[in-house]
Structure formats: structure tokens, C-alpha cells
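Each chain, written out:
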Amino acid sequence: MSRNDIDDATAQPAHNGGQVDDGTLSSAESRPISGGEEPLFDTNVSYRESEETPSVLEVRDLNVHYGDEQALQDVEMAIPRHQVTAMIGPSGCGKSTFLRCLNRMNDLVEAARIEGNVLLEGTNLYGDDVDPVVLRRRIGMVFQHPNPFPKSIYDNVAFGLRVQNEAVTDEIIERALKRAALWDEVKHKLHHSALDLSGGQQQRLCIARAIAVDPDIVLMDEPASALDPVATSKIEDLIEDLAEEYTVVIVTHNMQQAARISDKTAVFLTGGELVEFDDTNEIFENPAHQRVEDYITGKFG
Ligand SMILES: Nc1ncnc2c1ncn2[C@@H]1O[C@H](COP(=O)(O)OP(=O)(O)OP(=O)(O)O)[C@@H](O)[C@H]1O
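Every chain is numbered independently, its residues counted from 1 as its sequence is written. pLDDT decides what is reported in this predicted model: residues at 70 or higher carry local features, side-chain atom pairs at 80 or more are listed and counted, and totals for whole chains, interfaces and linings draw on all residues regardless. In computing side-chain values, all of the structure's heavy atoms are included and hydrogens and water are not.

Enquirer: Please clarify how the site of the ligand should be interpreted in this entry.
Expert: Working definition: residue near molecule or strand if any one of its non-hydrogen atoms lies within 4 Å of it. Near the ligand you find 16 residues, and of these Glu69, Ser91, Lys95, Thr97 and His253 are the closest. Whenever a nitrogen or oxygen atom comes within 3.5 Å of another N or O atom, the pair is scored as a polar contact, on the condition that within protein one atom can donate a hydrogen and the other can accept it, and that pairs from neighbouring residues in sequence are kept only if both atoms are in side chains. Taking Gly94, its main chain carries an N or O atom lying 3.0 Å from an oxygen atom of the ligand. For the ligand, an oxygen atom lies 2.7 Å from a polar atom in the side chain of Lys95. With the chains in place, 72% of the 630 Å² that the ligand exposes on its own is no longer accessible. Runs of H or I in DSSP of at least four residues are treated as helices and runs of E of at least two as strands, each being numbered from the N terminus. Mapped onto the shell around the ligand, the elements with two or more residues apiece are β2 (69–80) and α2 (95–101). If one sorts the elements of the shell around the ligand by residue count, α2 sits on top with four residues. In the shell around the ligand, the residues fall into five nonpolar, six polar and five charged. Each accessible area is a Shrake-Rupley estimate made with a 1.4 Å probe; only the visible protein chains count as cover when residues are assessed. When residues are sorted by character, Ala, Val, Leu, Ile, Met, Phe, Trp, Tyr, Cys and Pro go into the nonpolar class, Asp, Glu, Lys and Arg into the charged class, and all the rest, Gly among them, into the polar class.

Pasting the structure below:
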């Protein structure tokens, strides 16, 4: 399966109606990610949370192979809640692989073998009882190329709710479009085709579609790399705003972008090794590793 196939597969929030949570739970914290009645709690792993930056996702000893090739090596990371965490590193170092592990998108890649734990508030995403479809409702994804459906703007935003048999109201659609900073540009043409929007507008629509189901975490794989500088700047502003309500994890090739918008930065280097993970200021001003300094100063990569 090619990367584009994966993008297409998940662009259609491939949720099926019968396996989602019932909407009666009162808070994001109490929402299960298993398909059954009870949330799955993996008691083999403890959940660490610091008071300063409570983490929402804990990655433990994550290794990924595609056939014989190792794409991630022993990765450990605690991703803080309501912050922007950026993944940077040279091409092929495993950034997208890592991102896809955070909502089990790599399940769709036949050659991928994943070992380790990823804990969402203590629950192992790779536990047997976890339903990836339910999980992806809590951890949404936005891709490099805007991929709206050939439907109206309104129906694009409503899509995830409808497939989960949840109520769609004008208020929900308006709120998602406002959160995605698109409302003012489209409020007079909600029933026009999404394909008539500009690339930057389409990407903000995809963000509106991702957040309409009220996820906890939004994963973004180079969301601005196909856009012009003005559209990129709008997406960057939006990402910073989104972090007030959501946890954002973004892969970017653009180090300036990571420096501008992220709170934490993870530097992956060749072979899928996470070499350094720290506050973004530290990474860019005072990296602990010479290899990281060489990378961010352009000596390689
Ligand atoms: N579906 C796949 N099948 C086989 N190998 C893959 C697959 N996806 C990624 N890889 C390999 O895994 C390694 C990491 O790829 P990945 O796409 O995660 O890196 P990346 O850092 O995101 O790269 P880029 O910045 O170029 O997008 C690469 O060597 C790549 O060739």
C-alpha cells in the first residue's frame, strides 16, 4: 500500500457506525477507545504525568520495521497535553512513521511491524481490545495534501459525525469552521462544493473536518508543505490557536516552522533514532547533541 493509499483511506474517517462510543460520556478523559463496553487499561505499564506539562500520550520503547528495514528504534516520548509538539529530521528518518503509530495508521501498512507501547492517558493503543476506529475519533489526522471529499463544505465538516451516527447541527458545523478559522470565508456558501475552495481553504476545511468530532489530539503530517506562504501563515496561526483546546503533533520539514509554532521539538535522525526531545527553544538555541546542532545549522540533512 502506498502512502497515498493510506492518506486516502484515512481521509475518509473510515469509521463505521456500530463501533463508536455512545456519546453519553461526560468528558474526554472518560472516553473509552476500545470497541467494547469497558475502556481497556493496560496495567503492565504505569502512566506518568508531571504537574507542569501533563502528558497525554506516552510512547514507550517503540520499534517499527518495514520488512527487514528498521524505521524507528527504541523511541520514548511523553507528548504534553495542549501543546504543539513538532517532529523534525532529515528525509526518511521516520517522522511520518512515528506520527502514524500514534493513531495506528500503520496498521494499514502490510509490511509494518510495530513493537512497544503507546499510551493514551494510560491506555495502551496497541492493546487487543482497542478499536482503531474509535481511537481515530480521539486522535484525528490531517495530511500533507488537502483532501476534501467531492461534497459541499457543510457535508465535509459533517462527515465524521454522520458516519458515527451522531447528530449534525448547524451550530456544530459553524463552531468547527470557526475553530478552523474558515467560517468568515465560507459562511455564505456552505452548500457549495469544497473542491472550489483554494488549497489553503481546503486544508483549513480538512482541519475543521478533523476537529468536528471533538478529538483530543490532532496529528498533522506536513500540513502546510503544499501551500503558498500566505496560506502557510494562516495554518501556522491556526495550529497555535488549536493548541488551546487540543494537543497538536506535527511533522514538518521546515525548521523555521517548528521553531515558530511548537512548544516541544523532537529531532529524529537517520535510522529512526530519536536523538533529542526538549523545549523548542532549547533545541534551537542550546541543543544537547552535536548531531542535532549540525542538523539544525544545516551541516547535514
Ligand atoms: N509503507 C512503507 N513500506 C516500506 N518502507 C516504508 C514505508 N513507509 C516508510 N518506509 C521506510 O521507512 C523509513 C522512514 O520513512 P518515513 O516516511 O517515516 O520517514 P520521514 O522522516 O517521514 O520521511 P520524509 O521526511 O521524506 O517524509 C524510510 O526508509 C522509508 O523508506
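Enquirer: Which parts of the structure should I look at to understand empty space enclosed by the protein?
Expert: Unfilled space is identified by rolling a water-sized probe across the atoms. A cavity here means a set of points on a 1 Å grid, drawn over the protein atoms and nothing else, where a 1.4 Å probe fits but cannot get out; a pocket is an open set with protein on both sides within 12 Å along at least five of seven lines, and a residue lines either one if it has an atom within 4 Å of a point. Grid points are joined across faces, edges and corners, and a volume is the space filled by probe spheres set on the points. The full count for this structure, using the stated rule, is two cavities of 30 Å³ or more. Its boundaries defined by the atoms lining it, the second largest cavity holds a volume of some 30 Å³. Surrounding the second largest cavity, Ile172, Arg175, Ala176, Arg179, Ile211 and Ala212 form its lining. Here the lining of the second largest cavity takes four residues from helix α5 (residues 170–179), the largest share from any one element. Classifying every residue of the lining of the second largest cavity gives four nonpolar, no polar and two charged.

Enquirer: What am I meant to see in the environment of Pro146 here?
Expert: Relative to the assigned elements, Pro146 resides in the loop between β6 (139–142) and α4 (153–163). Measuring from C-alpha to C-alpha, the distance between Pro146 and Arg204 comes to 8.4 Å, with 58 residues separating the pair along the chain. Only heavy atoms matter for contacts: two residues are in contact if any of them lie within 4.5 Å across the pair. Setting aside residues no more than four positions away along its own chain, Pro146 makes contact with Gly199, Gln202, Gln203, Cys206 and Leu227.

Enquirer: In this structure, what is going on with the nonpolar core? I would like to understand it.
Expert: Generally speaking, soluble globular proteins have nonpolar side chains that are buried together. The criterion is simple. A nonpolar core is a set of buried Ala, Val, Leu, Ile, Met, Phe, Trp, Tyr and Cys residues joined through side-chain atoms within 4.5 Å. Partly exposed describes any residue whose relative accessible area lies between the buried limit of under 20% and the exposed limit of over 50%, with all areas from a 1.4 Å probe on protein chains only and scaled to the type maximum. Core analysis: the biggest nonpolar cluster contains 49 residues, and Leu177 and Met220 have the highest contact counts within it. Residue contacts for Leu177: discarding those within four places in its chain leaves Ile153, Val157, Leu182, Trp183, Val186, Leu190, Leu205 and Ala208. Counting residues in each nonpolar core, the second largest holds 32 residues, with Val56, Leu57, Val64 and Tyr126 among its members.

Enquirer: Looking at this model, I keep getting lost on unusual backbone geometry. Mind explaining?
Expert: Glycine aside, negative phi is the norm for most residues, and most peptide bonds take the trans geometry. For His82, which is not glycine, the phi torsion reads 55° and is therefore positive. Relative to the helices and strands, His82 is located in the loop between β2 and β3 (84–88). Backbone geometry at Glu222 places phi at a positive 45°, although glycine is not the residue there. Checked against the element boundaries, Glu222 lands in the loop between β7 (217–221) and α8 (229–242). Judged by its relative accessible area of 8%, Glu222 is buried.

Enquirer: Teacher, can you tell me more about the pattern of salt bridges here?
Expert: Pairing is possible between side chains that carry opposite charge, provided their charged atoms lie close to one another. Think of a salt bridge as a Lys or Arg side-chain nitrogen and an Asp or Glu carboxyl oxygen that are within 4 Å of each other. All chains considered together, the criterion is met by 16 salt bridges. Of the charged contacts, one joins Arg104 and Asp107 as a salt bridge, the two residues approaching to 2.7 Å between their closest N and O atoms. For Arg104, a relative accessible area of 11% translates into the label buried. Ionic pairing is found between Arg179 and Glu245, a salt bridge with its closest N-O pair at 2.5 Å. In this pair, Arg179 sits in helix α5 while Glu245 sits in the loop between α8 and β8 (247–251), placing the two residues 66 residues apart along the sequence. In this structure Arg179 comes out as buried when scored by relative accessible area, which is 19%. When salt bridges with common partners are traced through the structure, they connect Arg81, Glu121, Arg138 and Asp216 into a single cluster.

Enquirer: Hey, could you run me through the packing of aromatic side chains in this one?
Expert: We describe a pair of aromatic rings using the distance from one ring centre to the other and the angle between the two ring planes. When two rings of Phe, Tyr or Trp (its six-membered ring) have centres within 6.5 Å they constitute a pair, described as stacked for plane angles under 30 degrees, edge-to-face for angles over 60, and tilted for the intermediate range. Scanning the entire structure with this criterion turns up two aromatic pairs. Arranged with centres 5.3 Å apart and planes meeting at 50°, the rings of Phe98 and Phe268 form a pair that is tilted. Placement of Phe98 in helix α2 and of Phe268 in strand β9 (residues 264–269) is noted, with a sequence separation of 170 residues between them. Residue classification places Phe98 among the buried residues on the basis of a relative accessible area of 0%. With centroids separated by 4.4 Å and ring planes inclined at 45°, the aromatic side chains of Phe149 and Phe159 adopt a geometry described as tilted. Here Phe149, found in the loop between β6 and α4, pairs with Phe159, found in helix α4; they are 10 residues apart in sequence, far enough to count as distant. We note that Phe149, like Phe159, is buried. Both a distance and an angle decide whether a charge sits over a ring: NZ of Lys or CZ of Arg must be within 6 Å of the ring centre and within 35 degrees of the ring normal. The cationic tip of Arg209 hangs over the ring face of Phe149; the distance from NZ or CZ to the ring centre is 4.3 Å.

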